[in-house]
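# Examining the three-dimensional arrangement
Residue strings, one per chain:
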Amino acid sequence: MRTRLVAAVAVVHAIATTAFAHRLDEYLQATIISVEKDRIHAQIRLTPGVAVFPIVLAGIDRDADGVISGAEQHAYAERVLRDLSLTIDGEPARLRLVSSRAASVEQMREGDGDIQLEVDADVPQGGGSRRLRFENRHQNRIAAYLVNCLVPRDPAIHVTAQRRNYEQSVYELDYVGGGDRPGPPFPGPWAGVMGWLGAAALLLFARIGLSGSATPRPVRRAGLRHRCGG
Amino acid sequence: MRTWWTRTARGVGAVAVMWVSANAMAQTPTARIVSAANAFLSTLDQKQRASVLFAFDDEQQRALWSNLPVAMVRRGGLRVGELSPTQRSAALALVSSALSPRGFEKVQQIIEGDEVLKTNEGNNPMFGKDLYYISILGTPSATAAWMLQFGGHHLALNITIAGEQGILTPTLTGAQPALYTVKGKTVRPLGQESDRALALLSALDETQRRQAVLPYRVADLVLGPGQDGQTIQPEGLKASAMNDQQRAMLLDLISQWSGIVHESAAAARMAEIKAGLGETWFAWSGPTTAMPGRNITAYYRIQGPNLVIEYAPQRLGGDLSLHVHTMYRDPTNDYGRKVAAR
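In this text, all values refer to a predicted model and were calculated from it rather than measured experimentally.

Residues and elements named next belong to chain A. Tracing the backbone shows Arg131 in strand 7 (residues 129-136). According to the relative accessible area criterion, Arg131 is buried, its value standing at 9%. Side-chain polar atoms of Arg131 contact the side chain of Asp174, separated by 2.8 Å.

This is the structure in structure tokens:
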């Protein structure tokens, strides 16, 4: 009895001190997106606070044996993926799980461990100006979201604007330069002629566009605040 | 006779002190640091030397730092609490030799704060001034690159010495409690980082503020431990849209981190930062006021071509003004990769 009491006091003390030192009542979900010409890559770091860890663990350790098996880790990663959405130029893009890594239950219980996911998606061919919209709804009652974009490695890609809602659960990124159309699949002697014909067509469209009124593209979505990142 | 002896001894002592001082002044900063490193190493036995020394390219040891207490994230090297008084003095002399007086004072205040936290937490063994680690990566040298690491809870100094260059990135500073009293004196280890940022924000006009203040919550560091070499898309107000006085205030704020390292290295770093100042951004998220004498409860970030500074108050402990983590990086040269590669 005495031993049990001492053990219980020790556990309470450990939780109290750990809680004081570390993330407590939030589930930090930090996403860093990188944009390439034909691919979007995202690194998602999920760090449960000590106080919310039991909620998070219940969603991972389905057989409640106190251990996160490989299958449970994979299933959880897929569940997180279902709570994410990505659109490119308004069209849904399928996110694929590239890898997942989880700290031990003990580390996460102490507020010291995280789950890291890497996901990617194909970018469909499109025009020069692109709009990416990323939304994270995972565990939104306890979540603290962060989402950022890396400066593109490809010098041809430029970020023109970023928008987020207050919680950072919704993120929009405008960029240019990623949608260069690939060259003709079989370039040959006609390529030069086709190029001239294309240029003539572009000039014609430009004249029509200048003289007519273009339909303005929606700049904002409800709840998102505009920020231009250079 | 005794009076004569005492006077002579004092005179010799004074001359010795002057000679040592003059000799030290004649040395370059790197020579002084190398000398302090070798003096520290000479106090260690074989086993301790094996524990404190790592290969310069030991990537695992390089990245083995955190804001968390050492009981939660293990550190490599020798724990200060394991050292004899002589070894401990030599270890701190080495750290001091690589820093400016202001930088070393800040480090001491962060450590002292952890001792206060230990006391406040009922003598919790997870905290305290004995739980800081020192390690050396490579061989202390006046020419070849090597690294000095020193840190523990709320502190991670990664100092690369490469010839006369001293690179302090990545470095993490933090404080909990961020305000405490020792012997009747109020201490705020990261008080300047808070006050000068708020002063800069207050110096902005309405249009500039609208650019600087982000309309969303930033809950934590974006580029904290484990995020080496990443450059995120900058946001906020560009320094090129500031006036001269505001830019001077921004530089003054940056110097709270760049000035931790010894003066000549800090001067070189500041020249580099000034060269990229036009492309440097200042972003703020959270309350735009603070209680007098207390730290801000807002997050801010300063980002330039070779600079990232983040200041992130922490909810843990209840009062955001009493717990803060900060990060200082050069994504192009963390751990001195740029100079070490030459």
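And the narrative resumes.
This part is about the sheet that holds strand 1 (residues 27-35) of chain A. Residues and elements named next belong to chain A. Taking strand neighbours across the sheet as the criterion, the five strands line up as 5-6-2-1-8 in an open arrangement whose pairing is mixed. Each of the sheet's edge strands pairs with one partner strand only, and the pair in question is strand 5 (96-102) and strand 8 (143-149). The mean angle between the axes of side-by-side strands here comes to 15 degrees, regardless of whether they run parallel or antiparallel. Pairing geometry for strand 1 and strand 8, over seven bridges, is parallel. Looking at strand 8, one finds that Ala30 is bridged to Leu146.

Residues and elements named next belong to chain B. Overall, the coordinates contain one cavity of 30 Å³ or more when judged by the stated rule. Approximately 100 Å³ is the volume found for the largest cavity. Along the walls of the largest cavity sit 15 residues, with Leu64, Trp65, Gln149, Phe150 and Gly151 positioned nearest its centre. Secondary structure elements with two or more residues in the lining of the largest cavity: strand 3 (133-137), strand 4 (146-152) and strand 5 (155-162). Residue composition of the lining of the largest cavity, grouped by class: seven nonpolar, seven polar and one charged.

Another aspect to go through is helix 2 (residues 29-42) of chain B. Three or four residues apart is the spacing at which side chains of an α-helix point the same way, because the helix has 3.6 residues per turn. Residues and elements named next belong to chain B. Here helix 2 is 14 residues long and its end C-alpha atoms lie 20 Å apart, about the 20 Å a rise of 1.5 Å per residue gives. Burial in helix 2 covers these residues: Pro29, Thr30, Ile33, Val34, Ala36, Ala37, Phe40 and Leu41. For helix 2, the buried positions fall inside an angular range of 160 degrees around the axis, keeping them on one side.

Residue and element names in this part refer to chain B. Axis separation between helix 2 and helix 5 (residues 85-98) bottoms out at 9 Å; the angle between their running directions is 165 degrees. When the axis of helix 2 is compared with that of helix 5, the two are roughly antiparallel. Two packed elements cross with a definite hand, and for helix 2 against helix 5 that hand is left-handed. Between helix 2, through Arg32, Ile33, Ala36, Ala37 and Phe40, and helix 5, the contact on the second element is made entirely by Gln87, Ala90, Ala91, Ala93, Leu94, Ser97 and Ala98.

Our next topic: the confidence of the model for chain A. Predicted confidence across chain A gives a mean pLDDT of 76, with 67% of residues reaching 70 or more. Between residues 180-222 of chain A, whose pLDDT stays under 50, and residues either more than four places distant or in other chains, the model counts eleven contacts.

With that out of the way, let us pick up the environment of B:Gln87. All names here are of chain B. Along the chain, the position of Gln87 falls in helix 5. For Gln87, a relative accessible area of 9% translates into the label buried. Measuring from C-alpha to C-alpha, the distance between Gln87 and Gly226 comes to 31 Å, with 139 residues separating the pair along the chain. Among residues more than four places away in sequence, those in contact with Gln87 are Phe40, Thr43, Leu44 and Gln48. Looking at Gln87, its side chain comes within polar contact range of the main-chain oxygen of Thr43, at 2.9 Å.

The rules we used
- Residues numbered from 1 in each chain as written.
- Chains lettered and ligands numbered in written order.
- Predicted model: local features only at pLDDT ≥ 70, side-chain atom pairs only at ≥ 80, totals over all residues.
- Heavy atoms only, no water.
- Helix = DSSP H or I, 4+ residues; strand = E, 2+ residues; numbered from the N terminus.
- Buried < 20%, exposed > 50% of the residue type's maximum accessible area, 1.4 Å probe, protein only.
- Polar contact = N/O pair within 3.5 Å; in protein donor to acceptor, adjacent residues only side chain to side chain.
- Pairing = 2+ DSSP bridges.
- Axes fitted to C-alpha atoms, helices over the stretch in contact; angles between N-to-C directions.
- 1 Å grid on protein atoms, 1.4 Å probe; cavity = no way out; pocket = protein on both sides within 12 Å on 5 of 7 lines; lining within 4 Å.
- Points joined across faces, edges and corners; volume = space filled by probe spheres on them.
- Nonpolar A, V, L, I, M, F, W, Y, C, P; charged D, E, K, R; others polar.
- Expected span 1.5 Å × (residues − 1).
- Arc of directions from axis to C-beta.
- Parallel < 35°, antiparallel > 145°, perpendicular 65-115°, else oblique.
- Left-handed = near helix turned anticlockwise from the far one by under 90°.
- Contact = heavy atoms within 4.5 Å.
- pLDDT = per-residue confidence, 0-100.

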